[in-house]
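Coordinate inspection notes
Next come the chains, spelled out residue by residue.
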Number of protein chains: 4
Amino acid sequence: MSVAQQMLESYPKSLGGVDREKLRACIDACYECAQACTACADACLSEDTAAGLAKCVRTNLDCADQCDTTGRVLSRHTGYDANMTRAILEACAQSCKACADECALHAEQYEHCRVCAEACRRCEMVCRELIASL
Amino acid sequence: MSVAQQMLESYPKSLGGVDREKLRACIDACYECAQACTACADACLSEDTAAGLAKCVRTNLDCADQCDTTGRVLSRHTGYDANMTRAILEACAQSCKACADECALHAEQYEHCRVCAEACRRCEMVCRELIASL
Amino acid sequence: MSVAQQMLESYPKSLGGVDREKLRACIDACYECAQACTACADACLSEDTAAGLAKCVRTNLDCADQCDTTGRVLSRHTGYDANMTRAILEACAQSCKACADECALHAEQYEHCRVCAEACRRCEMVCRELIASL
Amino acid sequence: MSVAQQMLESYPKSLGGVDREKLRACIDACYECAQACTACADACLSEDTAAGLAKCVRTNLDCADQCDTTGRVLSRHTGYDANMTRAILEACAQSCKACADECALHAEQYEHCRVCAEACRRCEMVCRELIASL
């Protein structure tokens, strides 16, 4: 059982009607994607073709920041606000889609973009599944 | 001229058709609100009635995180993505509204909630003005 | 192979003389600890005894922020600066120690503090191992 | 009176023996520097010479993250831990020094690097003054 799951299991109050497995998957995906995007921005920067990857670096940085915030918000259960959570999940799904699309353009050439595009695609999907279940 | 404004003026490429003054106001408001919410969460925590302020602390923490991300995203102009920017601004406006509403409930009793509610209200407003201008 | 490890393997330039396995362990521990501390702060907040856990909440929030920053810095390899990396790792080890010590005080009573204390202790240890190997 | 100062004044408990003016200056400098570094990383990225500025972008990103964390930690006063605060301030001063030194190399050529170098130098200085006063 991952630490995120142990923390979820040890929350002392009710989690309301949330789908616990979808929530856990989304927390994990957000932290994983935040890390992948941070690393991909840096890997792009180290390529000799960095100037041509400027948009990819920027989208990676935005996506890392939004996934970080979303992972934090989903790790909190006290005083849940459905409208705020939904808007933040929408922003995260949109950021992940933008970053997956951008990284996919370079996925054949750069392994870091291929791995990152997959992490973004997974994160977008679990965000949308969580939104649908709210 | 603030540092944020100097950085905006020194961006070497075109900023596109963005309303420069609305953008600057929104960057400043996001950083200001992120700080206020972080401090208000801590001030609530130090009140003897902290248990009754749990929802306020949590909303403050979420709002601080989303404002932080939004301030970062707005500070970047390279490879602008309108859909992502819009979704992130919507999430920020929604977070600021939730936090302003929550802090307003305690504004008469706690000065830190009064100051924070005003910072959130201002940030929500400039986010919405920027969205409208995109 | 975790996503963090895949990203490390796909970095296109040399990682210098760094111990790759210690680096990977430290990146993983930082993200894991950041999540655990964010969740533990929220769980403490939901306890009826929240006012008595104010110091624990605060230390959790600081540790989450510092681990987040450290995880990001370690995910970057371009233009490595040994002095900065060392100082940031020291701050992270110190934050994890403070948070582990504080959570340990409540570990028998609260499962979330027990899980979080262990995550902090692990993260402190791998930070110190990475510092020693630099 | 800035919002950060109003938040400081409205903290309901004692701030201990901290130098209130040095603390306020340091909070403001951390948020200002975090924004400047985020914007400078992006401005460097948009230069046609981006590949040659890779180290500058990376140092900017690290410094933005550490200043962000330090600004948050300094905005909290509940359950103050001197050792952790000191280590985080040291990491921040070191990050600001590294970023100021790097940006200074390009300050004559790029206005964004000149403005950012000054913000980093100021932030380093007030961090060191706050450390000395603890």
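Residues numbered from 1 in each chain as written. Chains lettered and ligands numbered in written order. Predicted model: local features only at pLDDT ≥ 70, side-chain atom pairs only at ≥ 80, totals over all residues. Heavy atoms only, no water.

With that settled, consider the packing of helix H2 (residues 20-46) of chain B against helix H5 (residues 111-133) of chain B. Geometrically, a packed helix pair is captured by the angle between its two axes and the distance between the axes. Residues and elements named next belong to chain B. At a minimum axis distance of 8 Å, the contact between H2 and H5 shows a crossing angle of 150°. In terms of orientation, H2 and H5 fall into the roughly antiparallel class. Taken as a pair, H2 and H5 cross one another with a handedness that is left-handed. (Axes fitted to C-alpha atoms, helices over the stretch in contact; angles between N-to-C directions. Helix = DSSP H or I, 4+ residues; strand = E, 2+ residues; numbered from the N terminus. Parallel < 35°, antiparallel > 145°, perpendicular 65-115°, else oblique. Left-handed = near helix turned anticlockwise from the far one by under 90°.)

Interface size is commonly expressed as the accessible area that is lost once the parts come together. Contacts between the two partners involve 37 residues from chain C, matched on the other side by 37 residues from chain A. Taking both sides of the interface into account, the surface hidden between chain C and chain A amounts to around 3,100 Å²; carbon and sulfur atoms contribute 59%. For the pair chain C and chain A, the interface holds 6 salt bridges. Where Asp48 of chain C meets Lys13 of chain A, a salt bridge forms, and the shortest distance between an N and an O atom there is 3.2 Å. Counting across the interface, chain C meets chain A through 14 residue pairs in polar contact (both at pLDDT 80 or more). The set of elements that each furnish at least two residues to the side of chain C that touches chain A consists of helix H1 (3-9), helix H2 (20-46), helix H3 (54-74) and helix H5 (111-133) of chain C. For the side of chain C that touches chain A, the residue count by class is 16 nonpolar, 9 polar and 12 charged. (Contact = heavy atoms within 4.5 Å. Buried area = accessible area lost by both parts, 1.4 Å probe. Salt bridge = Lys/Arg side-chain N within 4 Å of Asp/Glu carboxyl O. Polar contact = N/O pair within 3.5 Å; in protein donor to acceptor, adjacent residues only side chain to side chain. Nonpolar A, V, L, I, M, F, W, Y, C, P; charged D, E, K, R; others polar.)

Quick look at the relation of the copies chain C and chain A now. Superposing chain C onto chain A takes a rotation of 180° plus a shift of 0.0 Å along the axis, which leaves an RMSD of 0.0 Å. Such a combination of rotation and displacement between the chain copies is what one expects of a two-fold axis. Among all residues of chain C, the minimum C-alpha distance to the rotation axis is found for Tyr31 of chain C, at 3.4 Å. Interface overlap between copies: 100% of the residues of chain C at the interface are likewise at the interface in chain A, consistent with a symmetric, same-surface contact. (Least-squares fit on C-alpha atoms with pLDDT ≥ 70 in both.)

Let us look at the environment of Arg58 of chain C. Topologically, Arg58 of chain C is positioned in helix H3. Through-space distance from the C-alpha of Arg58 of chain C to that of Ala41 of chain C is 7.4 Å; in sequence the pair is 17 residues apart.

Right, let's get into the confidence of the model for chain A. In the predicted model, chain A carries a mean pLDDT of 97, and the fraction of residues at 70 or more is 100%. Reported confidence for the predicted complex is 0.97 by ipTM and 0.98 by pTM. (pLDDT = per-residue confidence, 0-100.)

The next point concerns the interface of chain D and chain C. Contact with chain D, which involves 25 residues of that partner, is made by 25 residues of chain C. At the boundary of chain D with chain C, total buried surface from both sides reaches about 2,400 Å², with 54% on carbon and sulfur atoms. Interface area lost by chain D to chain C is led by Arg58, Arg76 and Met84 of chain D, which between them contribute 28%. Linking chain D to chain C there are 6 salt bridges. In this structure, the connection of chain D to chain C is made through 18 residue pairs in polar contact (both at pLDDT 80 or more). Among the elements of the structure, helix H3 (54-74) and helix H4 (82-104) of chain D are those that each provide at least two residues to the side of chain D that touches chain C. Here the side of chain D that touches chain C takes 11 residues from H3 of chain D, the largest share from any one element.

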